[in-house]
Amino acid sequence: MKLLHVVPTYLPAWRHGGPIRAVHGLARALVARGHQVGVFTTNVHGRGTLNVPVSAPVILDGVAVRYFPVSFPRRLYRAPAMAAALRECVAGYDIVHLHSLFLWPTRAAARAAERCRVPYLVSPRGMLVRDLVARRGWLRKTLWLRLCEERTLSRAAAVVVTSAMEAQEARAFGLALPRLVEIPNGIDPSELSQHRDAPVPDAVARTLARQPLLLCLGRLSWKKGLDRLISILPMLPGATLALAGNDDENLTPRLRDVAAKAGVAHRVVFLGPVSGAGKESLLRNATALVLPSLSENFGNVVLEAMACGCPAVVTPEVGLAPVLEASGAGVVTPAEALGATLVTLLADAPRLAAMRVAGPRRVAESFTWDRVAASMEGLYGEVRA
């Protein structure tokens, strides 16, 4: 099949988080399964732009990626040249897969596919969550949802969600939705093993020497519940908390203040963005990954932790929580019990050791990109038929 994925940002714009890795992982796996895969995206990278060609496709792992420059309003990722390319090219694809909501590329691609009678699917990528909409511009997003996205969603061949929790959140809006299909994100475990012999950054090495080590890996965001994680550190004498990720929301000053007021400033390490050997070392050697999110449609970092044998502790609001608990690779706990849960877990070495074995086993069984791409391929085939 000839497949087109439309996503507002794409690699190498890693700072925009998990969806970029998920979309590229899927696209690359689909290429490996014999499909012709293209991506339409923008050149946005944070507040700047990527240093990439905007006049011709760039081949990344067999995926033909076209980057388009954005214009006003930038916050919507409006790219007039993308609209022109969609009008010209969409009819040549069998399926169009849209990855986002509330942004211009999704609407533009949906209308282009509709005009050309090409079926399209929508992956909300965690954006169709009531609490997030309420906290990040309720009026503006509600209007956009009713005026633009309701049509986009209702006319899609399917809405693809990554977890049962994301499906439940989507239904709660009361929109006219097509069928919801649950297909998780995947992972390539080999990517997390290729840096074993590489030198580890000094800051990471110093942090790993401070055991027991609790790790929170990923963008520093208000929805991750980092303040409540810091606040329970007094219950864990001797434990260090490492926060590793870029801070586009400028949360670090407030989090430092929370740590100072709790008397644990000396036990909270802000590492900034980590990748490669640093990231792999943290995941393989931390005592546990902790993700006390207010909302997380899936939780890619939990999957990475499982693949590396790192026990994980998450709140029920993380989409991957049921899988984590059923696999025995971690613990699901309400936020109010987070401190007590960690106290018990850190004192149970045999349980931690068992979790380190269970995680990689479950990932290999169900979450490799080839398995995920096979499920998506089946859905595409049904839609095309």
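Here, the structure is the one placed above.
Reference entry: report on the structure contained in this document.

What follows is about the overall build of the protein chain. Assigned secondary structure in the protein chain consists of 15 helices and 16 strands. For 385 residues, the compact-globule formula gives about 21 Å, and the C-alpha radius of gyration of the protein chain, at 21 Å, lands near that figure. Oriented by its inertia axes, the alpha-carbon framework of the protein chain measures out at about 60 × 45 × 40 Å. The buried share of the protein chain, taken over its 385 residues, is 54%. In the protein chain, 72% of the contacts between residues at least 6 apart in sequence involve partners at least 24 apart. Accessible surface computed for the protein chain: about 16000 Å², of which carbon and sulfur atoms make up 52%. For the protein chain, the distance from the average position of its 45 positive side-chain charges to the average position of its 30 negative side-chain charges is 6 Å.

Moving on: the pairing of strand β2 (residues 36–42). The element β2 is largely enclosed, with a buried count of six among its seven residues. Bridge count between strand β1 (residues 2–6) and β2: five bridges; the pairing is parallel. Across the sheet, His 5 pairs through a bridge with Val 39, a residue of β2. Examined bridge by bridge, β2 and strand β6 (residues 63–68) share five bridges and lie parallel to one another.

The method is simple in principle: a probe with the dimensions of a water molecule rolls over the atoms, and the space it marks as empty is what remains. What the rule picks out here adds up to one cavity of 30 Å³ or more. Estimated volume of the largest cavity: approximately 90 Å³. Lining the largest cavity are 16 residues, and of these Arg 125, Thr 162, Ile 183, Asn 185 and Met 376 sit closest to its centre. If you list the elements that add at least two residues to the lining of the largest cavity, you get α1 (18–32), β9 (158–161) and α15 (369–384). No other element matches α15, which puts three residues into the lining of the largest cavity. Looking at side-chain class alone, the lining of the largest cavity contains ten nonpolar, four polar and two charged residues.

When two helices pack together, their arrangement is given by the angle between the helix axes and the distance between those axes. Direction vectors running N to C along α1 and α15 enclose 75 degrees, while the axes themselves pass 9 Å from each other. Between α1 and α15, the angle falls in the class roughly perpendicular. Between α1, through Arg 21, Ala 22, Gly 25, Leu 26, Arg 28, Ala 29 and Leu 30, and α15, the contact on the second element is made entirely by Trp 369, Ala 373, Met 376 and Tyr 380. Of the residues in the contact of α1 with α15, the class split is eight nonpolar, one polar and two charged.

Applying the stated criterion across every chain yields a total of zero disulfides. The thiol of Cys 216 is unpaired, and the distance to the nearest cysteine sulfur, on Cys 310, comes to 11 Å. Given the relative accessible area of 4%, Cys 216 is considered buried. Cysteine Cys 308 remains unbridged, with the sulfur of Cys 310 as its closest cysteine sulfur at 7.9 Å.

Turning next to the environment of Val 323. Among the secondary structure elements, Val 323 is positioned in helix α12 (residues 321–327). As for Val 323 and Glu 382, which are separated by 59 residues in sequence, their C-alpha atoms are 27 Å apart. The contacts of Val 323, once residues within four sequence positions are left out, are Arg 362 and Phe 367.

Considering the arrangement of structural elements, one finds Asn 185 in the loop between β10 (180–182) and α7 (202–208). Side chain to side chain, Asn 185 and Arg 125 meet in a polar contact 2.9 Å long. Ignoring any residue separated from it by four or fewer positions in sequence, one finds Asn 185 in contact with Ala 22, Arg 125, Thr 162, Phe 298, Asn 300, Leu 303, Phe 367, Trp 369 and Val 372.

This part covers helix α6 (residues 164–171). Among the residues making up α6, those that are buried are Glu 166, Ala 167, Glu 169 and Ala 170. Taken end-on, α6 shows its buried residues confined to a sector of 165 degrees, consistent with a single buried face. Exposed residues pointing more than 90 degrees away from the buried face of α6 are listed as Ala 164, Gln 168 and Arg 171.

Rules of the game
Residues numbered from 1 in each chain as written. Predicted model: local features only at pLDDT ≥ 70, side-chain atom pairs only at ≥ 80, totals over all residues. Heavy atoms only, no water. Helix = DSSP H or I, 4+ residues; strand = E, 2+ residues; numbered from the N terminus. Rg over C-alpha atoms; globule rule 2.2 N^0.38 Å. Buried < 20%, exposed > 50% of the residue type's maximum accessible area, 1.4 Å probe, protein only. Contact = heavy atoms within 4.5 Å. Areas by Shrake-Rupley, 256 points an atom, 1.4 Å probe, with all protein chains shown as cover. Lys, Arg positive; Asp, Glu negative; His and termini not counted. Charge placed at Lys NZ, Arg CZ, Asp CG, Glu CD. Pairing = 2+ DSSP bridges. 1 Å grid on protein atoms, 1.4 Å probe; cavity = no way out; pocket = protein on both sides within 12 Å on 5 of 7 lines; lining within 4 Å. Points joined across faces, edges and corners; volume = space filled by probe spheres on them. Nonpolar A, V, L, I, M, F, W, Y, C, P; charged D, E, K, R; others polar. Axes fitted to C-alpha atoms, helices over the stretch in contact; angles between N-to-C directions. Parallel < 35°, antiparallel > 145°, perpendicular 65-115°, else oblique. Disulfide = S-S within 2.5 Å. Polar contact = N/O pair within 3.5 Å; in protein donor to acceptor, adjacent residues only side chain to side chain. Arc of directions from axis to C-beta.

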